[in-house]
Amino acid sequence: MSETPLGAYGAAITTDVVSHLANLARIALTPDEIVKLTGELGAIVDAVAKVSEVATPDVPPTSHPIPLVNVFRPDIPGVTLTTAEALAGAPEHDGSRFKVSAILGEEQ
Amino acid sequence: MSSLIHLTASALAEKLSTGEVSSVEATQAHLDRIAAVDGDIHAFLHVNAEAIAAATDIDARRAAGEKLGPLAGVPVAIKDVLCTIGMPSTAGSKILEGWIPPYDATPVAKLKAAGLIALGKTNMDEFAMGSSTEHSAYGPTRNPWDLSRIPGGSGGGSAAAVAAFEAPLALGSDTGGSIRQPAAVTGSVGVKPTYGGVSRYGAIALASSLDQVGPVARTVLDAAMLHDVIGGHDPRDSTSLTDVWPSFAAAAREGARAENLKGLRVGVVKELDSPGFQPGVSQRFHEALELLTAAGAEIVEVSAPHFEYAVAAYYVILPAEASSNLAKFDSVRFGMRSKVSGTVEDVMAATREAGFGPEVKRRIILGTYALSAGYYDAYYGSAQKVRTLIQRDFASAFEKADVLVSPSAPTTAFTFGEKIDDPLAMYLNDVTTIPANLAGVPGMGLPIGLAPEDGLPVGFQIMAPAREDARLYKLGATLERLLEDGWGRTLLSQAPTL
């Protein structure tokens, strides 16, 4: 298995790993949270790793308990949200669009 | 009219249909009850200011001779995970504080179409992650049996509202036991339908392949009547089954009338038969089995060897799906936004830091880990294989038994703080309920008595093959009648007066 930014599979969970995951998940964890989560995550990952004990190659995976295939409904134009309704819950908008701060940082 | 709050939903519906009671009277009685006791219980995050107006409308329509559904005019509480037009929908999270959705979840729309009166939104663990409501951003709900104890979770608000007579009915959602475990610890009845039996449209998603909306009530018949209202195909949910469902209320009535249980094979899942469970839970469970045997049921032991991997598989699949589902809380389209300056990503990360509680962060980070390149096969891929093995265990068990049974939860209601600092201990509390979610089969929790050591309610779980929800209601109603014949009263009538 190739080396990932997280370290090889089975490697211990460190504060660096948790910082990396928090960045991927877009959560600005505090240093204290990172330390606490590092310990908790290690214990949880150890506990859930037992799934690999019985997951032999001959067992097919199940992604969905009751699989349905080719689920389509008629493509009929209907009443949809108005722009005002769609924007009503947004933290900031200009009347027709959602408004956010700069997408690119200055260094980019 | 305080006695109105103690009626079952079916009895109240009867009085509404004959005109003996108006919906305004019934709704006001429940609003009064909420005002009187919810300061202690904290089952509600929001009380519907339009409830009386809705009840007035139903009364007028009934007076005009309109044909209304069987539960028209009956009040109902709604778990805050479901989107509701005109009422805040926060899923117990600060990140959605004050958010008012522009549409109704399908189960909510069905309630309204059937004339039920929404009393308000009930408390829950944030984004339904938890077994105690201690993870609600708005403070915990307290158990009506003992205010120092948890009401279960995540749907502790719905269960406590029903058990405290603040609502005759409530909606819940069950991803790993969030309807059945709260029912167990509050002495109420809750059902997780077959996956796809009730639409998930408008239910704020936790883990999409596990989530299912279902009824919470004080009796099996009431749960069945509510299930009849909310169930059925919805073209807006691609996982919604197109089955035509039988009347669950009819199944419950048939079960309540049944003279015996001859010919019914009740499978006791060996792996869930009280390994290390609280003694009083195990004792009441075995007494209930004796009651079923005396009524003519055949008790068979079945083995589900992979159930011991269910909690581990669940805590890979759930965080993985949740970390994806919760990516939508990006401070752009809805919910809160941090005031920090910086790029949109800085604002996003600061918002999610401030808006999510500790359990949500824990599971998002865990899910992100499980889905990472190089780890995906070892965790998520393996967990999906375990899911197959658990489905096979169910299939083979259902060859030997018509229904499977277990205690609903390993313990009675625990005290606040007992497991909050030990996530793994909290997760293991779901050991009995998780297998049904992984396999998509329906499960019911109903009360079977009080544990001798602490006087708190004990729950009994019934599971049936997928699409056979009617079996839950039939057997549940028979067991409920046998138990109440023995007690001479209902379980909830034994709860302390609030």
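Residues numbered from 1 in each chain as written. Chains lettered and ligands numbered in written order. Predicted model: local features only at pLDDT ≥ 70, side-chain atom pairs only at ≥ 80, totals over all residues. Heavy atoms only, no water.

- Per an unreviewed UniProt entry, chain B goes by Glutamyl-tRNA(Gln) amidotransferase subunit A and derives from Salinibacterium xinjiangense.
- According to UniProt, the comment filed for chain B under the heading Catalytic activity (unreviewed entry) is "L-glutamyl-tRNA(Gln) + L-glutamine + ATP + H2O = L-glutaminyl-tRNA(Gln) + L-glutamate + ADP + phosphate + H(+)".
- As recorded by UniProt, the Function (unreviewed entry) comment attached to chain B reads in full: "Allows the formation of correctly charged Gln-tRNA(Gln) through the transamidation of misacylated Glu-tRNA(Gln) in organisms which lack glutaminyl-tRNA synthetase. The reaction takes place in the presence of glutamine and ATP through an activated gamma-phospho-Glu-tRNA(Gln)." (UniProt positions renumbered as here; feature names shortened; annotations may be inferred.)

- An unreviewed UniProt entry annotates chain A as Aspartyl/glutamyl-tRNA(Asn/Gln) amidotransferase subunit C of Salinibacterium xinjiangense.
- Quoted straight from UniProt, the Subunit (unreviewed entry) entry for chain A says "Heterotrimer of A, B and C subunits."
- Quoted verbatim from the Sequence similarities (unreviewed entry) field of UniProt, the annotation for chain A is "Belongs to the GatC family."

1. Considerations on the overall build of chain B
- Per the secondary structure count, chain B includes 16 helices and 11 strands.
- Expected size for 498 residues packed as a compact globule is a radius of gyration near 23 Å; at 21 Å, chain B falls within 12% of this value.
- In terms of overall dimensions, chain B has a C-alpha envelope of 65 × 55 × 45 Å along the principal axes.
- Residues counted as buried form 67% of the 498 residues belonging to chain B.
- Taking as baseline every contact in chain B between residues at least 6 positions apart, the subset at least 24 positions apart corresponds to 77%.
- As presented, chain B carries roughly 15400 Å² of accessible surface, and 54% of it is formed by carbon and sulfur atoms.
- Across chain B, the 41 positively charged side chains and the 55 negatively charged ones have centroids separated by 3 Å. (Helix = DSSP H or I, 4+ residues; strand = E, 2+ residues; numbered from the N terminus. Rg over C-alpha atoms; globule rule 2.2 N^0.38 Å. Buried < 20%, exposed > 50% of the residue type's maximum accessible area, 1.4 Å probe, protein only. Contact = heavy atoms within 4.5 Å. Areas by Shrake-Rupley, 256 points an atom, 1.4 Å probe, with all protein chains shown as cover. Lys, Arg positive; Asp, Glu negative; His and termini not counted. Charge placed at Lys NZ, Arg CZ, Asp CG, Glu CD.)

2. Some thoughts on the nonpolar core
Residue and element names in this part refer to chain B.
- The biggest cluster of nonpolar side chains holds 164 residues, and the ones touching the most others in it are Phe 127, Phe 460 and Tyr 473.
- With 11 residues, the single largest contributor to this core is helix α10 (residues 310-325).
- Contact partners of Tyr 473, with chain neighbours within four places excluded, come to Val 191, Pro 215, Val 220, Ala 223, Ala 224, His 227, Phe 248, Ala 251, Ala 252 and Met 444.
- In this structure, Ile 34, Ala 43, Phe 44 and Ala 51 belong to the second largest nonpolar core, which totals 22 residues. (Core = buried A, V, L, I, M, F, W, Y, C linked by side-chain atoms within 4.5 Å.)

3. As for the packing of helix α8 (residues 248-257) of chain B against helix α16 (residues 469-487) of chain B
All names here are of chain B.
- Running from amino to carboxyl end, α8 crosses α16 at an angle of 35°, the nearest separation of the two axes being 7 Å. Crossing hand, α8 versus α16: right-handed. Side by side, α8 and α16 meet where Phe 248, Ala 251, Ala 252, Glu 254, Gly 255, Ala 256 and Arg 257 of the first sit next to Asp 469, Ala 470, Tyr 473, Lys 474, Ala 477, Thr 478 and Arg 481 of the second.
- Across the contact of α8 with α16, the residue classes tally to 7 nonpolar, 2 polar and 5 charged. (Axes fitted to C-alpha atoms, helices over the stretch in contact; angles between N-to-C directions. Left-handed = near helix turned anticlockwise from the far one by under 90°. Nonpolar A, V, L, I, M, F, W, Y, C, P; charged D, E, K, R; others polar.)

4. As for helix α2 (residues 31-48) of chain A
- In this model, α2 of chain A (18 residues) spans 25 Å end to end at C-alpha, consistent with the 26 Å of a helix rising 1.5 Å per residue.
- Against the buried residues of α2 of chain A lie α1 (15-24) and α3 (51-54) of chain A together with α10, α12 (358-370), α13 (377-400) and α14 (423-428) of chain B. (Expected span 1.5 Å × (residues − 1).)

5. Description of the UniProt feature "active site" (unreviewed entry) in chain B
Residues and elements named next belong to chain B.
- Per the UniProt annotation, the sites labelled "active site" (unreviewed entry) are Lys 79, Ser 154 and Ser 178. Spanning 100 residues, the annotated positions come together in the fold, the maximum distance between their C-alpha atoms being 10.8 Å. Of the annotated set, the members that line the largest cavity are Ser 178.
- Structurally, Ser 154 is set in the loop between β3 (117-122) and α5 (156-163).
- Each residue touching Ser 154, except ones within four places of it in the same chain, is listed here: Lys 79, Asn 123, Met 124, Asp 125, Ala 128, Met 129, Gly 130, Ser 131, Thr 133 and Ser 178.
- Inspection of the secondary structure assignment puts Ser 178 in the loop between β4 (169-173) and α6 (180-186).
- With residues up to four places along the chain from it excluded, the contact list for Ser 178 reads Lys 79, Ala 128, Gly 130, Gly 153, Ser 154, Gly 155 and Ser 173.
- There is a polar contact of 2.9 Å between the side chain of Ser 178 and the side chain of Ser 154. (1 Å grid on protein atoms, 1.4 Å probe; cavity = no way out; pocket = protein on both sides within 12 Å on 5 of 7 lines; lining within 4 Å. Polar contact = N/O pair within 3.5 Å; in protein donor to acceptor, adjacent residues only side chain to side chain.)

6. Considerations on the pattern of salt bridges
- Counted by the stated rule, this structure contains 27 salt bridges over all chains.
- The partner of Arg 236 of chain B in a salt bridge is Asp 234 of chain B, and the shortest N-O contact between them spans 3.9 Å.
- Classification of Asp 234 of chain B by relative accessible area gives buried; the value is 4%.
- With a shortest N-O distance of 2.7 Å, Arg 467 of chain B and Asp 243 of chain B are connected by a salt bridge. Taken as a pair, Arg 467 of chain B in the loop between β11 (457-463) and α16 and Asp 243 of chain B in the loop between α7 (220-230) and α8 lie far apart in primary sequence, 224 residues in all.
- We classify Arg 467 of chain B as partly exposed; its relative accessible area is 36%.
- For Asp 243 of chain B, a relative accessible area of 24% translates into the label partly exposed.
- Beyond isolated ion pairs, a larger network of salt bridges with shared partners links Lys 36 and Glu 40 of chain A together with Glu 359, Arg 362 and Arg 363 of chain B. (Salt bridge = Lys/Arg side-chain N within 4 Å of Asp/Glu carboxyl O.)

7. Looking at empty space enclosed by the protein
Residue and element names in this part refer to chain B.
- Per the stated rule, a full pass over the model turns up 4 cavities of 30 Å³ or more.
- Approximately 100 Å³ is the volume found for the largest cavity.
- Lining the largest cavity are 17 residues, with Gly 130, Ser 178, Tyr 314, Tyr 315 and Asp 430 sitting closest to its centre.
- Elements with a minimum of two residues in the lining of the largest cavity: α10 and α14.
- Of the residues in the lining of the largest cavity, the class split is 8 nonpolar, 7 polar and 2 charged.
- Reported here for the second largest cavity is a volume of approximately 70 Å³.
- Around the second largest cavity sit Val 81, Ala 128, Ser 173, Thr 175, Arg 200, Ala 203, Ile 204, Leu 206, Asp 211, Gln 212 and Val 213, which together line it.
- The residue makeup of the lining of the second largest cavity, split by class, is 6 nonpolar, 3 polar and 2 charged. (Points joined across faces, edges and corners; volume = space filled by probe spheres on them.)

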